[in-house]
Amino acid sequence: MSESLTFSQLALPEPLLRAVTELGYETPSPIQAAAIPKLLAGEDLLGQAQTGTGKTAAFALPLLARLDPAQNEPQILVLAPTRELAIQVAEAFQAYARFMPAFHVLPLYGGQSYTNQLKSLKRGSQVIVGTPGRILDHLDRGTLQLDKLRAIVLDEADEMLRMGFIDDVQTIMDATPAGRQVAMFSATMPSQIRAIAQKHLKNAQEIKIESKTSTVERITQRYVMLDGNQKLDALTRVLEGEEYDASIIFVRTKSATEEISEKLGARGYAVACLNGDMNQANREQTIRRLKAGQIDIIVATDVAARGLDVERISLVINYDIPYDSEAYVHRIGRTGRAGREGKAILFVSPRERRLLRTIEQATRQPIEKMSLPTGEVIEQRRIEQFREQLANTIEAKNLSFFQDLINDWREKLETTDADLAAALLFLAQKDQPLNVAKQFPEIREPHARGERPERTERGDRPARYERSGERPERTGDRPERGPRQRREMQGNYNTYRIEVGKEHGVRAGDIVGAIANEANIDSQFIGNIKLFDHFSTVELPADIPNEIFQHLKKVYVRKQKLNISVDNGAPAERPTYERSERPASDRPSSDRPGSDRPGSDRRPSGAGPRPGAAPKRRTRD
Ligand code: AMP
């Protein structure tokens, strides 16, 4: 956490300051504190940062500050690996520029109709955010002019490399004016990314937020994988299912402290918020009430909770992931005070998975995955709590007045003690019903790419297809190019034929990009691609839902409709091995029965990986 820096100290223009205040941002995140002054000064920048660190604002705010509002042609171009990220970044620009008059940002990605994109381009936009393939298409068609460009951002550069877009990125970079500013962000720094930085960045300032190693003891740490729109539901389950005395819930913004404490209050929790807008007296009063047990939960931002020392806090919930490991250690240190045991739970979205690993490495402690309490567990806990209350009441209270009443009612109502007790229990549990197992349906964990925008802040778009299974982790600076193990390709795969080939100028990267974006399949799950003259083949998971398969049929790559079908044997054409090291004999089989539906798992020998077959190696391009 940047200890004392404020956004106003960063010399951002007033409309941008107003926007971040309105969004509820209290302080710049570490990457923002480091990047904003450098980009404001017009320097090129190479930033190592992961999703969840606040990197979007780190480049969007200073570049917006340098924008010429009178000029309606593209001045900033952001290249992003996926359409989801392009949309998110465009939405972030829009949010930060909300007080800049006549501001326009345009996302451009594959799968969207050209007609609409052309209309929007004609209207004019100062900021374009796009996927490399579509941007290149527009440059080729002459529908996007970059001669007024002041800055280009490569967001998630390593991801663009992994998806095979890097040649397109280079071509686009070469098409931008020489004097433009360049900012490049990447979670990892493989050698190819460094090489691009060396080629295109001038005296680049490099920033990396170091994760300080620090150990935390006596705190049990767990995480839950979920989408942003599942967080509130998950929070109430955790609060129901976990044992705790008092709890602190960490969020990123002032507005979130208010919103969540209001929602919990409405559900009957004794809760208050703690944020940077509160004066010292209010803050102290809230802490006193927490210590005294008048409230059990506080919802706080990092800054507001700094130095908080309340022994009762036995559960820390990281509702929003902290920006770095230092903030994490600080947050969870609010529990386990005075030698007590503490618990910490972290909510992580699939896109933030890498940040989770960084935190684990820095704290040198595993953060165990947990599942959310089910309806049955919550029901059992409520019943147990009630029983405990009953036991305490029987032991501690003088109940003679009530015993007389019961005796009287038993006679008058001509009933039994059991019926009376059941009716009284029914009335007593109305505010906090005991029979609730079915009211808590299962919250399903999001899988794979998790590239969807989060519902709370970034709109809500349905994901079309997500492979189950976690995204394989990559480690450190391992070069992304070159042969590597296909650990993940051990499920059922089919070879599919698509109607775009070498004669249309297609490259493997175009195919990976189109399928990854259109079918929302992580590129790691896209297998060997063979390019023939008139068509290509690609290995894909056999269980693609029919809906996605039908959608892929209509997708265009290099102006050709893919018309994807399960490969039923290609004419003997010699492929170019773009993403495979397999020998030429390993061609699509011609004796394979055809099928136009996905999901069939007929696998002639040599037509791609067999289920459970040893992983193959491939080269990537
Ligand atoms: P990013 O790493 O750019 O994807 O940002 C992750 C999330 O952090 C987004 O939801 C942003 O709205 C939020 N965010 C970014 N900067 C700040 C900040 N300084 N204070 C609070 N929230 C922020």
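Residues numbered from 1 in each chain as written. Predicted model: local features only at pLDDT ≥ 70, side-chain atom pairs only at ≥ 80, totals over all residues. Heavy atoms only, no water.

Participant: Pulling in residues and values, what's your account of the pattern of salt bridges?
Facilitator: The tally for this structure, following the rule as stated, stands at 29 salt bridges. Its salt-bridge partner being aspartate 233, residue arginine 237 comes within 3.8 Å of it at the nearest N-O pair. Of this pair, arginine 237 and aspartate 233 both sit in helix α10 (residues 231-241), four residues apart, roughly one helical turn. The class of arginine 237 is buried, set by a relative accessible area of 2%. Among the salt bridges present, the one from aspartate 296 reaches arginine 312, with a minimum N-O distance of 2.7 Å. Pair noted here: aspartate 296 is in the loop between α12 (280-291) and β11 (297-300) and arginine 312 is in the loop between β11 and β12 (313-318), with a separation of 16 residues, a long-range link. Take arginine 312: its relative accessible area is 14%, and that puts it in the buried class. Each of Lys55, Asp155, Glu156 and Arg351 takes part in one network of salt bridges that share partners. (Salt bridge = Lys/Arg side-chain N within 4 Å of Asp/Glu carboxyl O. Helix = DSSP H or I, 4+ residues; strand = E, 2+ residues; numbered from the N terminus. Buried < 20%, exposed > 50% of the residue type's maximum accessible area, 1.4 Å probe, protein only.)

Participant: Summarise helix α15 (residues 375-396); cite the residues concerned and give the values.
Facilitator: For α15, with 22 residues, the first-to-last C-alpha span of 31 Å sits near the 32 Å given by 1.5 Å per residue. If you check which residues of α15 are buried, you get Gly375, Ile378, Glu379, Arg381, Arg382 and Phe386. Looking straight down α15, one finds its buried side chains confined to an arc of 165°; they lie on one side. Away from its buried face by more than 90 degrees, α15 exposes Glu376, Arg387, Glu388, Ile394 and Glu395. (Expected span 1.5 Å × (residues − 1). Arc of directions from axis to C-beta.)

Participant: Describe the pairing of strand β8 (residues 219-225), and please don't skip the residues or the numbers.
Facilitator: Taking burial as the measure, the seven residues of β8 include six buried ones, the bulk of the element. The pairing of β8 with strand β13 (residues 342-348) spans seven bridges and is parallel. The residue of β13 that forms the bridge with glutamine 221 is alanine 344. Pairing of β8 with strand β14 (residues 368-369), which is carried by two bridges, proceeds in the parallel orientation. Within the sheet, the bridge partner assigned to arginine 222 lies in β14 and is glutamate 368. (Pairing = 2+ DSSP bridges.)

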